[in-house]
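A structural walkthrough
Take a look at the letters that make up each chain.
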Amino acid sequence: MNAEARLHALARPAVFTEPGALMYAGNCADLYEASLAGKVTLNAWTRRKYPGKPLGEALPQVLSVGGWDAVRSQDWGLKEHCNEGVKIAYLARGSMVLKVDGQRHELTEGQMFVVRPWQLHQFGDPHVSASQIIWVLFDVGVRRPHEDWLWPDWMAWPERDTERLTRLLSRNEQHVLTASRDVMRSFHDIAEIVAGHDVAGDETRLRLLISMMLLQFMKQLESQAPVLDEDLASSKRTVQIFLNRLPHALDENWTLENMAAECSLSRTQFSQHCQALTNMTPVRYLQMVRLEAAKKWLSEKADASVTEIALECGFSSSQYFATCYKRRFGFSPQETRREPHAA
């Protein structure tokens, strides 16, 4: 990838940036507040909105490196969110409940986990347990499964090795594995350096340690001979993820153009994948999802007016909503309210 393409990839914003949106990129505010209150020790070097000591120009493409140390069970948890990069982390002490795309994992000491940018995840059930977690969060220039990964130049790896690492992480989505001794040692060394707070003085050492941890991690993954699935890194999967999360963002002003753009695809590519996955055009599928949600909410949200539900589902007016609703179900929104059995 040339320098211009590299800069463009790294300048892209998170998929969504507002709480409650489809793929909200969280900034770990609960962790930050807990650290300010003295409930947990946070030692991290960071950039953008992630909590910790600012990295400045050091460690390009690292969004956060370091960890937390909670000596007792907490009264907070990290709610479901997406990261703006790939997180590789190690549970150095204690236990932790990690949920990734709705799948629950009970982590124990010595295990590590990987979370990719498009994977919704949360820590705690609902609260964080006594634990020490050490992580490195990389911005590798991707927000969606089908995009090209871009590792930092300072790793100084041959291209064949970064391609191997990318394939292992993008075509295999095992979330949890047991860390090898070498990987454990590298994470502990990373945590020790970050706790020293000398970003400028220790950047070179940290570059070498992170690169070594990744090399050891790649060796560990390869030793397990994972089955790689090309479909996991396909544009069709990007569209599937978007469609799965669409019911959570119905009030967005979706058009064919911005749905395709959200998936980083052309309108034709997006439409073809949507048709294959749903047997509907994108616009028709969007309206179907909105109407099904409205029907459900009319029965469940007794305090909300028909107009409020129409707007919440993304319809521009209650009149248009009523017309579409009756055309699909054969009865009006008001009749659904009066006769719940109609729903």
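Residues numbered from 1 in each chain as written. Predicted model: local features only at pLDDT ≥ 70, side-chain atom pairs only at ≥ 80, totals over all residues. Heavy atoms only, no water.

What about the nonpolar core?
For clarity, the cut-off: Think of a nonpolar core as a cluster: buried Ala, Val, Leu, Ile, Met, Phe, Trp, Tyr and Cys residues, connected wherever their side-chain atoms sit within 4.5 Å. Each residue's exposure class comes from its accessible area (1.4 Å probe, protein chains only) as a fraction of the maximum for that residue type: buried when under 20%, exposed when over 50%, partly exposed otherwise. A run of H or I in DSSP becomes a helix once it reaches four residues, and a run of E becomes a strand once it reaches two; helices and strands are each numbered from the N terminus. Contact criterion: two residues are considered in contact whenever any of their non-hydrogen atoms come within 4.5 Å of each other.
Ranked by size, the top nonpolar core spans 44 residues in total, and within it Val65, Ile88, Leu214 and Phe217 carry the most contacts. Here the element with the most residues in this core is helix α5 (residues 199–223); it accounts for nine residues. Ignoring sequence-local partners within four residues, the contact set of Ile88 consists of Met112, Phe113, Val114, Ile134, Trp135, Val136, Phe138, Leu169, Phe187, Met213, Leu214 and Phe217. Counting 34 residues, the second-largest nonpolar core is a separate cluster that includes Cys274, Leu291, Ala310 and Phe331.

Re the packing of aromatic side chains
Where we set the bar: Only Phe, Tyr and Trp rings are paired, with Trp represented by its six-membered ring, and only when their centres lie within 6.5 Å; those with planes under 30 degrees apart are stacked, over 60 edge-to-face, the remainder tilted. Either the NZ atom of lysine or the CZ atom of arginine qualifies as a charge over a ring when it sits within 6 Å of the ring centre and within 35 degrees of the ring normal.
Inspection of every chain in the model, using the stated rule, returns 15 aromatic pairs. With 5.5 Å between their ring centres and 75° between their planes, Trp68 and Trp76 make a pair best called edge-to-face. One exposure class covers both Trp68 and Trp76, and it is buried. Aromatic side chains Phe315 and Tyr320 sit 6.1 Å apart centroid to centroid with 55° between the ring planes, which places their arrangement in the tilted category. Given a relative accessible area of 5%, Phe315 falls into the buried group. The exposure class assigned to Tyr320 is partly exposed, which follows from its relative accessible area of 42%. Within the aromatic cluster, the residues linked to one another by ring pairs are Phe315, Tyr320, Phe321, Tyr325, Phe329 and Phe331. The ring of Trp135 is capped by Lys87, whose NZ or CZ atom sits 5.0 Å from the centre of that ring. Positioned above the aromatic ring of Trp297 is the side chain of Lys301, whose terminal nitrogen or guanidinium carbon lies 4.1 Å from the ring centre.

Concerning the packing of helix α4 (residues 181–195) against α5
Operational definition: Lines fitted to the C-alpha atoms define the axes, with helices restricted to the stretch that makes contact. Angles between their N-to-C directions range from 0 to 180 degrees. We call two directions roughly parallel when the angle between them is under 35 degrees, roughly antiparallel when it is over 145, roughly perpendicular when it lies between 65 and 115, and oblique otherwise. By the definition used in this description, the sense in which the near helix is turned from the far one sets the handedness, with an anticlockwise turn below a right angle giving left-handed and a clockwise turn giving right-handed. Residue classes follow a fixed rule: Ala, Val, Leu, Ile, Met, Phe, Trp, Tyr, Cys and Pro count as nonpolar, while Asp, Glu, Lys and Arg count as charged, and any other residue, Gly among them, counts as polar.
The N-to-C vectors of α4 and α5 enclose an angle of 160°; their axes lie 9 Å apart at closest approach. Overall, the two elements α4 and α5 adopt an arrangement that is roughly antiparallel. Seen from above, α4 lies across α5 with left-handed handedness. Taking contact as the criterion, the partners of Asp182, Val183, Ser186, Phe187, Asp189, Ile190, Ile193 and Val194 in α4 are, on α5, Asp202, Arg205, Leu206, Leu209, Ile210, Met212, Met213, Gln216, Phe217 and Gln220. Partitioning the contact of α4 with α5 into residue classes produces 11 nonpolar, three polar and four charged.

What about unusual backbone geometry?
Along the chain, Asp125 connects to Pro126 via a cis peptide bond; the corresponding omega equals 0°. For Arg48, which is not glycine, the phi dihedral falls at a positive 60°. Note on placement: Arg48 falls in the loop between β1 (41–46) and β2 (53–54). Within the chain, Ala156 stands out as a residue other than glycine whose phi angle is a positive 60°. For Ala156, the position within the fold is in the loop between β9 (131–138) and α3 (159–170). Classification of Ala156 by relative accessible area gives exposed; the value is 65%.

Comments concerning helix α6 (residues 235–245)
In terms of burial, α6 is largely enclosed, as eight of its 11 residues are buried. For α6, the complete set of buried residues consists of Ser235, Arg237, Thr238, Val239, Ile241, Phe242, Leu243 and Arg245. In this structure, the buried side of α6 is in contact with α7 (256–262), α8 (267–278) and α9 (282–300).

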